Amino acid sequence: MAMLAFLLATLLDPVQAALVLAAVLLYRGPQPILVAGAAAAAVSETVTVVAAVDYTWGELLVPRLVASLAQAAALWWLVRLMRQARAGGDAPQAGEPFAGEAAAALGSISAGSAVHRSAPWLMRAYVRRSLRRLRIR
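Rules used throughout
- Residues numbered from 1 in each chain as written.
- Predicted model: local features only at pLDDT ≥ 70, side-chain atom pairs only at ≥ 80, totals over all residues.
- Heavy atoms only, no water.
- Helix = DSSP H or I, 4+ residues; strand = E, 2+ residues; numbered from the N terminus.
- Expected span 1.5 Å × (residues − 1).
- Buried < 20%, exposed > 50% of the residue type's maximum accessible area, 1.4 Å probe, protein only.
- Contact = heavy atoms within 4.5 Å.
- Salt bridge = Lys/Arg side-chain N within 4 Å of Asp/Glu carboxyl O.
- Axes fitted to C-alpha atoms, helices over the stretch in contact; angles between N-to-C directions.
- Parallel < 35°, antiparallel > 145°, perpendicular 65-115°, else oblique.
- Left-handed = near helix turned anticlockwise from the far one by under 90°.

Visitor: Can you lay out helix α4 (residues 61–86) for me, pointing to particular residues and giving the numbers?
Guide: The end-to-end C-alpha distance of α4 is 36 Å, a good match for the 38 Å that 26 residues give at a rise of 1.5 Å each. Taken as a whole, α4 has its buried residues at P63, R64, A67, S68, Q71, A72, L75, V79 and Q84. Where α4 ends, the next residue or the one after it, G88, has phi of about 75°, a positive value.

Structure (structure tokens):
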């Protein structure tokens, strides 16, 4: 029962939530929820070890990790919604090949035009997607 109370207290901890939010905002790679949750749990555990004399590192790591993963999931979802709202609902979704200006530019190329060269930002987007696919594998 004490572990459940600690889990609830950790879930509502604003300092850990700030660490999770910083990790969610800074990390742009794959699996942002897992990385942000694990990083925040490790930093929180380290700060607790430094602050308390008789505390050993990892003593309450599991409930802290569970709470930080729950915070990371909620904050990542919130950050994603804010980014989509800021972009006017045109933020690229996972698996969507072109978004925003790139899709408009690609659609503006007529089938009968003599020049079929892609715009430079389309090539950058293509290279970025290719590198992301290679990183995921």
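Visitor: Pulling in residues and values, what's your account of unusual backbone geometry?
Guide: The residue Q31 is not glycine, and still its phi comes out positive at about 55°. Within the fold, Q31 resides in the loop between α2 (14–26) and α3 (32–51).

Visitor: I'd like to hear about α3, residue by residue, with values.
Guide: Given a rise of 1.5 Å per residue, 20 residues ought to cover 28 Å, and the 28 Å separating the end C-alpha atoms of α3 matches this to within 8%. Here the buried face of α3 lies against α2 and α4.

Visitor: An account of the pattern of salt bridges is requested, with residue identities and associated values reported.
Guide: The tally for this structure, following the rule as stated, stands at one salt bridge. R64 is the partner of E45 in a salt bridge, and the nearest nitrogen-oxygen pair spans 2.8 Å. Linking E45 in helix α3 with R64 in helix α4, this pair joins segments that are 19 residues apart in sequence. As far as burial versus exposure is concerned, E45 and R64 are alike and both buried.

Visitor: Got a sec to walk through the packing of α2 against α4? Specific residues and values, please.
Guide: At a minimum axis separation of 9 Å, α2 and α4 run at an interaxial angle of 50°. Relative to α4, the element α2 is oriented oblique. Where α2 crosses over α4, the two elements pack in a sense that is right-handed. Across from Q16, A17, V20, L21, V24 and L25 in α2, the residues of α4 making contact are R64, A67, S68, Q71, A72, L75, W76, V79 and R83.

These figures capture arrangement, not role.
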